[in-house]
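For reference, the chains in residue letters:
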Amino acid sequence: MAKRVLTTESGAPVADNQNSATAGVGGPILLQDQHLLEKLARFNRERIPERVVHARGSGAYGYFEVTDDVTGFTRADFLSEIGKRTETFIRFSTVADSLGGADAVRDPRGFALKFYTNEGNYDLVGNNTPVFFIKDPIKFPDFIHSQKRDPFTGKQEPDNVWDFWGHSPEATHQVTWLMGDRGIPASYRHMNGYGSHTYQWTNAEGEAFFVKYHFKTNQGVRSLSAEQAAELVGKDANSHQTDLLQAIERGVNPSWTLHVQVMPAAEAAEYRFNPFDLTKVWPHADYPLQRVGRLVLDRNPDNVFAEVEQAAFSPNNFVPGIGPSPDKMLQGRLFAYADAHRYRLGVNHTQLPVNAAKAAEADNYGRDGLHATRYGSRHDKNYEPNSYAGPAQTDAALAAPLAIHGWTGTHEAPAHAKDDDFFQAGELFRLMSEEEKGRLVANIAGGLSQVTRDDVIEKNLAHFHAADTDYGKRVEEAVRALRED
């Protein structure tokens, strides 16, 4: 079979791809060698800025199938009938490390899901934990700076990590999750996913509900101890990527069952915890899990860069029947995620194949900018309103309006009856077995004992004491023992 003709970027055939053009045999290279210059220039530009967070990731395509009727809570079309399937793309990731980091590390995992629905793309950006370290987005850059490489030493510093947590008592709940048994998933297939934030669903009658998403793995939750993870990283730094890729290639398609917790909007104001606080969960006894459907992954990307690294998720990509809540972290991310993609990928990143709407058509007046591919016909106008046949607004809001009142200014989140930074961390600790508690304490002490300042250690110990007396005592004794060695 005849081979295809190798060409330059402009389509001209390449005569020689093994030797550069020179001034005579053995002479210097000529500037006129367009093919050489084009190859080198393109090679220099093959990398784009990596994500500041969630840089290292893996992805897969699949589908979401509705198994239960939730039309009483939302009018979202992709959830409108049992048996309905919607194509999806998911990106798993670690949070703190760079693109060259290892998979099997103690770190939250990103769980970002794109639904290619008939009403446009819906992005659900979550983690493998139901809570997070902070509750206000103004603290997010500082939090990430404390967790990533120190600008002087060039490595992650326990002093920075624990100093920030010591000044952020609301982080105690997530620290307990992270340092516990689920802190290092065995693979992406063997962990749960959570929307983490609180979102709003609105039904056809205009009734509003607040919801939390829970994707329960059907493979079972499996995690690694610190010792197992260290051994695995030494054998295969790409262990999670390897596992996901090979499982799908073998036809062992991972799946998750989606459940939601549903809170009528009218109950939010008087709930015992602030329902929009990302550092809190809603106890299942208050709002039980209700099954919605199942997510199945059945196809690997053809090109990791084009489809995984250029995949862009933004929580402000809603569809009719789904909208935001007053969750302050969510509100900040509605801007920050899309803006990060505009920086990394350009203003037209939504036109890249992995990000473009598939079951629907994007039709608006955005035209120009780097890498623009959507122009319309020569008769289409690029402004609105107009007297021609361009797209027009629907006058139908995607979700119900949120009530607001009070004065503008910088406010702490409103306090509810049971709001504090430690109660739920203590509840989580008390749910653990003795073996789980022992591993949790050892993991915390292993990091906290490396901190060089006594006052930073004391700040963090106070948080664990406040969560549970036994919790604090065990951590304090373990830290003291390690520091005395």
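Residues numbered from 1 in each chain as written. Predicted model: local features only at pLDDT ≥ 70, side-chain atom pairs only at ≥ 80, totals over all residues. Heavy atoms only, no water.

1. As for the overall build of the chain
Assigned secondary structure in the chain consists of twelve helices and ten strands. Taking 23 Å as the expected radius of gyration for a compact globule of 485 residues, we find that the chain reaches 25 Å, a close match to that expectation. Seen along its three principal axes, the alpha-carbon backbone of the chain occupies a region of about 80 × 65 × 50 Å. Within the span of the chain, comprising 485 residues, buried residues form 46% of the whole. Long-range contacts, defined as pairs at least 24 residues apart, comprise 73% of the intrachain contacts of the chain with a sequence gap of at least 6. (Helix = DSSP H or I, 4+ residues; strand = E, 2+ residues; numbered from the N terminus. Rg over C-alpha atoms; globule rule 2.2 N^0.38 Å. Buried < 20%, exposed > 50% of the residue type's maximum accessible area, 1.4 Å probe, protein only. Contact = heavy atoms within 4.5 Å.)

2. Considering the packing of aromatic side chains
Per the counting criterion, the structure on display carries 32 aromatic pairs. One aromatic cluster is present, built from ring pairs that chain together Phe 64, Phe 78, Phe 115, Tyr 122, Tyr 199, Trp 201, Tyr 213 and Phe 318. When the ring centre of Tyr 61 is taken as origin, the NZ or CZ atom of Arg 299, which lies over that ring, is 4.0 Å away. Its guanidinium or amino end placed over the ring of Phe 132, Arg 333 lies 4.9 Å from that ring's centre, counting from NZ or CZ. (Phe/Tyr/Trp six-rings, centres within 6.5 Å; stacked < 30°, edge-to-face > 60°. Lys NZ or Arg CZ within 6 Å of the ring centre and 35° of its normal.)

3. A few points about the nonpolar core
Residues Phe 133, Trp 162, Trp 165, Leu 448 and Val 475 are the most contacted members of the largest nonpolar core, which totals 39 residues. Contributing elements (two or more residues each) for this core: helix 2 (140-147), helix 3 (158-166), helix 4 (172-179), helix 9 (423-431), helix 10 (434-448), helix 11 (454-467) and helix 12 (469-484). Setting aside chain neighbours within four positions, we find Val 475 in contact with Val 441, Ile 444, Leu 448, Leu 461 and Phe 464. (Core = buried A, V, L, I, M, F, W, Y, C linked by side-chain atoms within 4.5 Å.)

4. Comments concerning unusual backbone geometry
Cis geometry is adopted by the peptide bond preceding Pro 385, which originates at Glu 384 and carries an omega value of 5°. Checked against the element boundaries, Pro 385 lands in the loop between helix 8 (328-345) and helix 9. Here the phi dihedral of Asp 395 falls at roughly 65°; this positive angle occurs in a residue that is not glycine. Structurally, Asp 395 is set in the loop between helix 8 and helix 9.

5. Points about the side chain of Lys 437
Turning to its location among the elements, Lys 437 is positioned in helix 10. Not counting residues within four places of it along the chain, the set of residues in contact with Lys 437 comprises Phe 429, Arg 430, Met 432 and Arg 474.

6. Describing helix 8
A rise of 1.5 Å per residue sets the reference length of helix 8, with its 18 residues, at 26 Å; its end C-alpha atoms lie 26 Å apart and thus fit the reference within 8%. When the local axis directions of helix 8 are compared, the greatest deviation, roughly 30°, occurs at Leu 334. Buried within helix 8 are the following residues: Met 329, Leu 330, Arg 333, Leu 334, Tyr 337, Ala 338, His 341, Arg 344 and Leu 345. Summarising the contacts, the buried residues of helix 8 are in contact with strand 4 (120-127), helix 2, strand 6 (199-202) and helix 7 (304-309). Of the residues that open helix 8, the one with a side-chain oxygen 3.0 Å from the backbone nitrogen of Met 329 is Asp 327. Just downstream of helix 8 lies Gly 346, where phi reads positive at about 100°. (Expected span 1.5 Å × (residues − 1). Bend = angle between axes of the 7 residues up to and from the residue. Polar contact = N/O pair within 3.5 Å; in protein donor to acceptor, adjacent residues only side chain to side chain.)

7. Side note on the pattern of salt bridges
In this structure the tally under the stated criterion is 30 salt bridges. Ionic pairing is found between Lys 328 and Asp 136, a salt bridge with its closest N-O pair at 2.7 Å. Taken together, the residues Lys 328 in helix 8 and Asp 136 in the loop between strand 4 and helix 2 connect sequence positions 192 residues apart. Using a relative accessible area of 30% as the deciding quantity, one classes Lys 328 as partly exposed. Lys 235 serves as the salt-bridge partner of Glu 231, at 3.1 Å between the closest nitrogen and oxygen. One end of the pair, Glu 231, and the other, Lys 235, are both in helix 5 (residues 226-235), four residues apart, so they sit about a helical turn from each other. The exposure class assigned to Glu 231 is partly exposed, which follows from its relative accessible area of 48%. For Lys 235, a relative accessible area of 64% corresponds to the exposed category. Several salt bridges share partner residues, and in doing so they unite Lys 135, Asp 277, Lys 280 and Asp 421 into one network. (Salt bridge = Lys/Arg side-chain N within 4 Å of Asp/Glu carboxyl O.)

8. Some points on the side chain of Asp 123
Structurally, the position occupied by Asp 123 is in strand 4. Taking the relative accessible area as the measure of exposure, Asp 123 reaches 0% and is therefore buried. Here Asn 317 takes part through its side chain, which lies 2.9 Å from a polar atom of the side chain of Asp 123. Apart from the residues within four sequence positions on either side, Asp 123 is in contact with Leu 113, Lys 114, Ala 312, Phe 313, Ser 314, Pro 315 and Asn 317.

9. Thoughts on the pairing of strand 8 (residues 255-264)
Every other side chain in a regular strand lies on the same face of the sheet, so the side chains alternate between the two faces. Counting buried residues along strand 8, nine of its ten residues qualify, which places the element largely inside the surrounding structure. Relative to strand 8, strand 7 (residues 208-217) is paired through nine bridges, and the arrangement is antiparallel. Across the sheet, residue Thr 217 finds its bridge partner in strand 8, namely Trp 256. Pairing geometry for strand 8 and strand 9 (residues 290-299), over six bridges, is antiparallel. Along strand 9, the bridge assignment pairs Val 260 with Gln 290. (Pairing = 2+ DSSP bridges.)

10. Quick look at the environment of Asn 443
The residue Asn 443 is located in helix 10 in this model. Classification of Asn 443 by relative accessible area gives buried; the value is 18%. Along the sequence, Asn 443 and Arg 106 sit 337 residues apart, while their C-alpha atoms lie 9.7 Å from each other. When sequence neighbours within four positions are dropped, the list of residues in contact with Asn 443 reads Arg 106, Met 179, Gly 180 and Ala 226. Looking at Asn 443, its side chain comes within polar contact range of the side chain of Arg 106, at 3.4 Å.

11. A word on the packing of helix 2 against helix 3
It is the contact of helix 2 with helix 3, at a shortest axis distance of 7 Å, that shows an interaxial angle of 145°. When helix 2 is examined against helix 3, the residues Asp 142, Phe 143, Ser 146 and Gln 147 are found in contact with a partner set consisting of Asn 160, Val 161, Phe 164 and Trp 165. Tallied by class, residues from the contact of helix 2 with helix 3 come to four nonpolar, three polar and one charged. (Axes fitted to C-alpha atoms, helices over the stretch in contact; angles between N-to-C directions. Nonpolar A, V, L, I, M, F, W, Y, C, P; charged D, E, K, R; others polar.)

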